[in-house]
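Take a look at the letters that make up each chain.
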Amino acid sequence: MNYRRVFLENGMVFLTLVTYKRIPILINNIDILKKSLSNLLKIYKFRLVAFVVLPEHIHCIIQPRNILEYPKIVKAFKYSFSKNVGLVKPTYKRIWQNRYWEHTIRDEKDLYMHLNYIHFNPVKHCYSANVKDWVYSSFHKFVSKNYYGIDWGSLGDVMELSDLCFE
């Protein structure tokens, strides 16, 4: 099957990476995940715009310096995390689903919609009662820049987000 990807120069890409059979291993291995990401940021030049890590999947928006490299970035991240988790827990035969979801951010409205989706995701999946309580996301970074209020994710916000599904 051939995939058609959009590569917009200076563009941003929304990504969803899911573990194999949705095995909930990401939070338990958050230090390995952070180290894999940190190493990747040294090799590939990209900006991590926003992210959320849940036990079995990750959503993020990245902005690579070279947009053509984002598939390599995903592949390298998955490889690095898998290799390092395998050193700690060799019982894992497979870590990631083969593919990943990607979406090129088209405009400002599209960006805001995906930022909201990312930050609300822990509440959507019942991992947290409030957006502000989930520590494995970029939400607090956005609060510090006055993009969100600390109590964002109220009932009114939920109604606005109810139709969004990027998994």
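The following paragraphs examine the structure supplied in this document. (Residues numbered from 1 in each chain as written. Predicted model: local features only at pLDDT ≥ 70, side-chain atom pairs only at ≥ 80, totals over all residues. Heavy atoms only, no water.)

1. Points about the overall build of the protein chain
Stage number 1. Scanning the protein chain from terminus to terminus reveals 5 helices and 4 strands.
Stage number 2. Ordered by position from N to C terminus, the α and β elements of the protein chain give β-α-β-β-α-β-α-α-α.
Stage number 3. Here the protein chain holds 167 residues, and the buried ones make up 45% of them.
Stage number 4. For the protein chain, the share of sequence-separated contacts (at least 6 apart) that also reach a separation of at least 24 residues comes to 72%.
Stage number 5. In the structure as shown, the protein chain presents an accessible area of about 9,700 Å², 55% of it carried by carbon and sulfur atoms. (Helix = DSSP H or I, 4+ residues; strand = E, 2+ residues; numbered from the N terminus. Buried < 20%, exposed > 50% of the residue type's maximum accessible area, 1.4 Å probe, protein only. Contact = heavy atoms within 4.5 Å. Areas by Shrake-Rupley, 256 points an atom, 1.4 Å probe, with all protein chains shown as cover.)

2. Some words on the packing of aromatic side chains
Stage number 1. Scanning the entire structure with this criterion turns up 14 aromatic pairs.
Stage number 2. Pairing phenylalanine 77 with tryptophan 96 gives two aromatic rings, centres 6.0 Å apart and planes at 55 degrees, and the pair type is tilted. Here phenylalanine 77, found in helix α2 (residues 70–88), pairs with tryptophan 96, found in the loop between α2 and β4 (101–104); they are 19 residues apart in sequence, far enough to count as distant. The burial state of phenylalanine 77 is the same as that of tryptophan 96; both residues are buried.
Stage number 3. Here tyrosine 112 and tyrosine 147 contribute two aromatic rings whose centre-to-centre distance is 5.5 Å and whose plane-to-plane angle is 40 degrees, an arrangement assigned as tilted. Of the two residues, tyrosine 112 sits in helix α3 (residues 108–124) while tyrosine 147 sits in the loop between α4 (139–144) and α5 (155–161), which places them 35 residues apart along the sequence.
Stage number 4. Through a chain of ring-to-ring contacts, the aromatic side chains of Tyr112, Phe120, Phe139, Phe142, Tyr147, Tyr148 and Trp152 assemble into a single cluster. (Phe/Tyr/Trp six-rings, centres within 6.5 Å; stacked < 30°, edge-to-face > 60°.)

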